[in-house]
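Understanding the architecture of this molecule
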Amino acid sequence: MSLLFSPLRIRSVTFPNRLWVSPMCMYSAVDGVAQEWHHAHLTQFASGGAGLIVAEATSVVPEGRISPRDTGIWNDEQRDAWAPVVEAIHHRGGIAGIQLAHAGRKASTWWPWADDRGSVPEADGGWATVAPSAVAFEGFAEPVALDADGIERVVIGFRDAARRALDAGFDVLEVHSAHGYLLHQFLSPLSNRRSDTYGGSLENRARLLLRVVDAVREVAGSGVPILVRISATDHAEGGFTPEEAATVAEWAIARGADLIDVSSGGLVAHQRIDVHPGYQVPLAATVHQEGGIPVSAVGLITDAAQAEQILADGSADAVFAGREWLRDPHFGLRAAHELGAEVVWPPQYLRARWR
C-alpha cells in the first residue's frame, strides 16, 4: 500500500492522502480581495487529487502584504470573496487550508513580473513596513521597529484573520513563520536585535510566534488543524539553525499547533543554498526526529516515487509540492496511477484512469 496515498487524520480532519499543495502567491488580488483567478487556480487541484490545498500567503493586516497585489483577510469583503472558492474546493471533494501571514520588513514590494524591483514607494501604492528591529532586508526600505502596541496589533490581526478564515469555510489554518517574513524575522538573530522580552534568547525570539499560535488555537477550538510553516535554517552564518527550529517546533506543538511545515531560507539576501531535488527534506527529518513531532517536507519534490520515499524513510508525515502542481494540476491523480494506488477519480475523468 502506498504511504503517500494513505489517509492522515489530524483532529477532526481526515486527509485522503499526503500529497499536498503548497501555498503559492499569485499576486492577482485587488485591495486584498481574491479574484476569479484564485477560484480557477485553487479548485483545479481538488479535481486533480490533492490531499490538502493551502491558499497563498494571505495577509492578516493591510501592511502585512508582500505586495499591493497580495490577498488579505483583514476585512469581511475579503472573507466573503474566499467563501465561494472554499465551497468549490469542497464541492470537488477537496480540503481547503489558508496560510495566514505578515510580511514584516519584506512587505510593500513589487510583484515578480513588475518592471521595478525592491520596495514600492508610497506614491505608487506602497506603505511603511514594520519589523522586530529597524534592520532592512538588502535592497528594501528600512522598516520601523514594532513597539509593544504594534506587537499586540499583530497578535490581534492573526486572531481575527483566523476567525474570518473559519467563517469562510476553511478547514485548516497555517501560520506563516518562514521565508523571511515577520514571525521568522523575530526568530532569527540576524533580523531581531531587540533587548526586550521579544529579543535575545531563543525563548524570547519565539515569543511572538507562540502568542500567535495561542491566539489562533483559541479561535480554532479543538477540531481545526493548525500548521506552522518555519524556515529551519537561514542558510547564513549566525542565523536561525535546524537545532533551534526543532526546539521551537516542540514549543509550537505544545501550544496547540499540530504539524510543522518545514522549509528554509528567505531571511537575508546573502543566503547560500545548495538547491537540488528534495534539498529541504533533511531539515524536515531533523525537526521530525529530534522533536518527535509531525512534520511535512517541501522543496523540489517533483515525482511520485520521490514523495513516496520521503515518507518511507520516516523523514516526514506528509509532502508539500508547489511547482509540480503548477506544471500539472492533476499531479495527485498521476502520482496515484504511477504508484498503483486506488484513489477516487472525478467521474468526468475516469476515461483517463487506465491506459
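Conventions we followed
- Residues numbered from 1 in each chain as written.
- Predicted model: local features only at pLDDT ≥ 70, side-chain atom pairs only at ≥ 80, totals over all residues.
- Heavy atoms only, no water.
- Helix = DSSP H or I, 4+ residues; strand = E, 2+ residues; numbered from the N terminus.
- Rg over C-alpha atoms; globule rule 2.2 N^0.38 Å.
- Buried < 20%, exposed > 50% of the residue type's maximum accessible area, 1.4 Å probe, protein only.
- Contact = heavy atoms within 4.5 Å.
- Areas by Shrake-Rupley, 256 points an atom, 1.4 Å probe, with all protein chains shown as cover.
- Lys, Arg positive; Asp, Glu negative; His and termini not counted.
- Charge placed at Lys NZ, Arg CZ, Asp CG, Glu CD.
- Pairing = 2+ DSSP bridges.
- Axes fitted to C-alpha atoms, helices over the stretch in contact; angles between N-to-C directions.
- Parallel < 35°, antiparallel > 145°, perpendicular 65-115°, else oblique.
- Left-handed = near helix turned anticlockwise from the far one by under 90°.
- Nonpolar A, V, L, I, M, F, W, Y, C, P; charged D, E, K, R; others polar.
- Phe/Tyr/Trp six-rings, centres within 6.5 Å; stacked < 30°, edge-to-face > 60°.
- Lys NZ or Arg CZ within 6 Å of the ring centre and 35° of its normal.
- Salt bridge = Lys/Arg side-chain N within 4 Å of Asp/Glu carboxyl O.
- Polar contact = N/O pair within 3.5 Å; in protein donor to acceptor, adjacent residues only side chain to side chain.
- Right-handed = clockwise from strand over helix to strand, strands pointing away.

1. Considerations on the overall build of the chain
Regarding its fold elements, the chain presents eleven helices and twelve strands. Rg of the C-alpha trace for the chain: 19 Å, near the compact-globule value of 20 Å for 355 residues, within the 12% margin. Considering only C-alpha atoms, the chain reaches an extent of 60 × 40 × 40 Å along its principal axes. Buried residues in the chain amount to 61% of all 355 residues. Residue pairs at least 24 apart in sequence account for 69% of intrachain contacts in the chain once pairs closer than 6 positions are excluded. Carbon and sulfur atoms form 50% of the exposed surface of the chain, whose accessible area is close to 14,200 Å². One way to put it: in the chain the 29 positive side-chain charges average out to a point 2 Å from where the 43 negative ones average out.

2. What about the pairing of strand S8 (residues 172–177)?
By the criterion of burial, S8 is predominantly enclosed, with six of the six residues buried. Side chains of S8 alternate between two faces, with Val172, Glu174 and His176 and Leu173, Val175 and Ser177 buried alike. Relative to S8, strand S5 (residues 96–101) runs parallel, the two being bridged by four bridges. Bridged to glutamine 99 within S8 is glutamate 174. Where S8 and strand S9 (residues 226–231) come together, five bridges link them in parallel fashion. By the bridge assignment, leucine 173 is partnered in S9 with isoleucine 226.

3. Digging into the packing of helix H7 (residues 242–254) against helix H8 (residues 281–291)
Relative orientation of the contacting elements H7 and H8 amounts to 50°, with a least axis distance of 9 Å. Taken together, the axis directions place H7 and H8 in an arrangement best described as oblique. Every pair of crossing elements has a handedness; the one defined by H7 and H8 is right-handed. Residue-level contacts link Pro242, Glu243, Ala245, Ala246, Ala249 and Glu250 of H7 to Leu283, Thr286, Val287, Glu290 and Gly291 of H8. When its residues are assigned to classes, the contact of H7 with H8 shows six nonpolar, two polar and three charged.

4. Describing the packing of aromatic side chains
Scanning the model with the defined rule gives nine aromatic pairs in all. When the centroid spacing of 4.9 Å and the interplanar angle of 40° are considered together, the rings of phenylalanine 15 and tryptophan 20 count as tilted. Accessibility expressed as a relative area gives 0% for phenylalanine 15, which makes it buried. The interplanar angle of 75° and the centroid separation of 5.4 Å between the aromatic rings of tryptophan 325 and phenylalanine 331 together place this pair among those described as edge-to-face. Accessibility expressed as a relative area gives 0% for tryptophan 325, which makes it buried. Classification of phenylalanine 331 as buried rests on a relative accessible area of 0%. Grouped by ring-pair contacts, the aromatic residues Phe15, Trp20 and Phe320 constitute a single cluster. Taking the ring centre of tryptophan 111 as reference, the NZ or CZ of arginine 69 above it sits at 3.9 Å. Lying across the ring of tyrosine 181, lysine 106 places its NZ or CZ 4.9 Å from the centre.

5. Here's the deal with the side chain of glutamate 56
Within the secondary structure, glutamate 56 sits in strand S4 (residues 53–59). The buried charged residue glutamate 56 lacks any salt bridge partner; its closest oppositely charged side chain belongs to arginine 65, at an N-O distance of 11 Å. At 3.5 Å, the side chain of glutamate 56 forms a polar contact with the backbone nitrogen of methionine 26. Ignoring any residue separated from it by four or fewer positions in sequence, one finds glutamate 56 in contact with Pro23, Met24, Cys25, Met26, Tyr27, His38, Thr71 and Gln99.

6. Quick look at the pairing of S5
Of all six residues that make up S5, six are buried, and the element is covered over most of its length. Taking every second residue as pointing to the same face, both faces of S5 are buried, with Ala96, Ile98 and Leu100 on one and Gly97, Gln99 and Ala101 on the other. Relative to S5, S4 runs parallel, the two sharing six bridges. Looking at S5, one finds that alanine 55 is bridged to isoleucine 98. In this view, the connection linking S4 to its parallel neighbour S5 by way of helix H2 (residues 76–91) has right-handed handedness.

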